[in-house]
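Coordinates in review
Given next are the chains, with one letter for each unit.
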Amino acid sequence: MENQMRPAQMQRINTPALANAFIEEQVREVRAQVGSKKVLLALSGGVDSSVVAALLIKAIGRQLVCVHVNHGLMRKGESEQVLEVFRGQLNANLIYVDATDRFLDLLAGVAEPERKRRIIGGEFIKVFEEEARKLEGIDFLAQGTIYPDILESADGVKAHHNVGGLPEDLRFELVEPVRLLFKDEVREVGRALGLPESMVERQPFPGPGLGVRCLGAITRDRLAAVRESDAILREEFAAAGLARQVWQFFTVVPDMRATGVRQGRRAFDWPVFIRAVNTVDAMTATVPELPWAVLQKVSARILAEVPGVCRVLYDLTPKPVGTIEFE
Ligand code: XMP
């Protein structure tokens, strides 16, 4: 546990100079730890795994093997960005697995939120395990564990397993270069490594992805409505300068329909809920007073551009009583 604890004298990494010093130190440590061996990393495209990937590419180049599993529940453009940044710009040794059909077939007809989560988590491990077995000569597993994960595990708040659940015969030695950093420090390091701002400043996104925002049993058409409406919301928030001011925002499509009228004919389509919250630690959250013009613009665009939607609502519920996600 000792080298798991942050030394009391460790400076908060809040400048590019401190980030660069940290990067140099970690590059040395990682090289000393892995030598000429290979390291495997599940690269989701989230802040932590992206920063670990960029750091390890700097340290050991193509000895790092990244696996990006697209479970079909990513936001619009997310997997493409992972490919573009890591394969295109950083010359990463990156295996891309499009497992969309596997996940959506397994999830068909499953409405209970926790069962959906278990299926998505379990299948993710399975796909990752299959890829790991195809590879040879891997000795290390890199993970984007950060300091709050360690603190919360020690407190018993949550069991932290980044790629938990790999079978006994697939146990690798761990490489966790950002394990002593807080989130803001991980972002500072990511910036110093040259990752794009949209990746470094990415808002929290749940592991089960859009799967818990397409309420009830997931269907491909409703999932597309979640993805398209979410993309519009993100675009408009960015254009209005709200993206960095609101902690988390997204859209949700429930498993119900409402009547509407389109071109003089009755419609019976889905509503889209907009959820936006501000919080410090996600334990409680408030709902920001969004500019009316932004809400109107988002609403008009969703109604005009997203097939199957005939209504847009803004969720006014703080946490508690409502959780941030709907499921
Ligand atoms: P709730 O809905 O519990 O969300 O108020 C608090 C924060 O946690 C995120 N969240 C998840 N993250 N797997 C994750 O990795 C999950 O199953 C999950 N459920 C919620 C949520 O987006 C919010 O930031």
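This text gives an overview of the structure that appears in the document. What you are looking at is a predicted structure, and each value in this text was computed from that prediction instead of being measured. (Residues numbered from 1 in each chain as written. Predicted model: local features only at pLDDT ≥ 70, side-chain atom pairs only at ≥ 80, totals over all residues. Heavy atoms only, no water.)

What follows concerns the nonpolar core. Counting 48 residues, the largest nonpolar core has L40 and F237 as its most contacted members. When near neighbours in sequence (up to four residues on either side) are disregarded, F237 contacts L242, A243, V246, F249, L290 and V294. Ranked by size, the runner-up nonpolar core spans 39 residues in total, among them V51, L56, V175 and V186. (Core = buried A, V, L, I, M, F, W, Y, C linked by side-chain atoms within 4.5 Å. Buried < 20%, exposed > 50% of the residue type's maximum accessible area, 1.4 Å probe, protein only. Contact = heavy atoms within 4.5 Å.)

Running from N to C, helix α1 (residues 16–34) and helix α2 (residues 47–60) point in directions that differ by 65°, and their axes come no closer than 9 Å. Helix-helix and strand crossings are classified by hand; for α1 and α2 the assignment is right-handed. Every residue of α2 that contacts α1 at F22, I23, Q26, V27, V30, R31 and V34 is listed here: L55, L56, K58, A59 and I60. A breakdown of the residues in the contact of α1 with α2 according to their chemical character gives nine nonpolar, one polar and two charged. (Axes fitted to C-alpha atoms, helices over the stretch in contact; angles between N-to-C directions. Helix = DSSP H or I, 4+ residues; strand = E, 2+ residues; numbered from the N terminus. Left-handed = near helix turned anticlockwise from the far one by under 90°. Nonpolar A, V, L, I, M, F, W, Y, C, P; charged D, E, K, R; others polar.)

The next thing to look at is unusual backbone geometry. Omega for the peptide link from K319 to P320 comes to -15°, which places this bond in the cis form. Assignment of secondary structure puts P320 in the segment after β9 (309–314). With omega at 20°, the peptide bond leading from P320 into V321 counts as cis. Position of V321 relative to the elements: it lies in the segment after β9. Positive phi, normally seen in glycine, also occurs at A282, with a value near 70°.

We now examine the site of the ligand. What surrounds the ligand is the set R117, P204, P206, G207, P208, W247, Q248, A282, K319, T323, I324 and E325. Within the side chain of Q248, a nitrogen or oxygen atom sits 2.9 Å from an oxygen atom of the ligand. E325 is positioned such that a nitrogen or oxygen atom in its side chain is 2.5 Å from an oxygen atom of the ligand. Burial of the ligand by the protein chains amounts to 69% of its free accessible area of 500 Å². Taken together, the residues of the shell around the ligand break down into six nonpolar, three polar and three charged. (Near = heavy atom within 4 Å. Polar contact = N/O pair within 3.5 Å; in protein donor to acceptor, adjacent residues only side chain to side chain. Areas by Shrake-Rupley, 256 points an atom, 1.4 Å probe, with all protein chains shown as cover.)

Attention now goes to the packing of aromatic side chains. Evaluation of the coordinates by the stated rule reveals four aromatic pairs. Aromatic side chains F237 and F249 sit 4.4 Å apart centroid to centroid with 35° between the ring planes, which places their arrangement in the tilted category. Highlighted residues: F237 in helix α9 (residues 220–239) and F249 in strand β6 (residues 248–252), separated in sequence by 12 residues. Assigned by exposure class, F237 and F249 land together as buried. Taking NZ or CZ as reference, R75 lies 4.3 Å from the ring centre of F205, over its face. Taking NZ or CZ as reference, R213 lies 3.7 Å from the ring centre of F250, over its face. (Phe/Tyr/Trp six-rings, centres within 6.5 Å; stacked < 30°, edge-to-face > 60°. Lys NZ or Arg CZ within 6 Å of the ring centre and 35° of its normal.)

What is shown is where atoms sit, not what they do.
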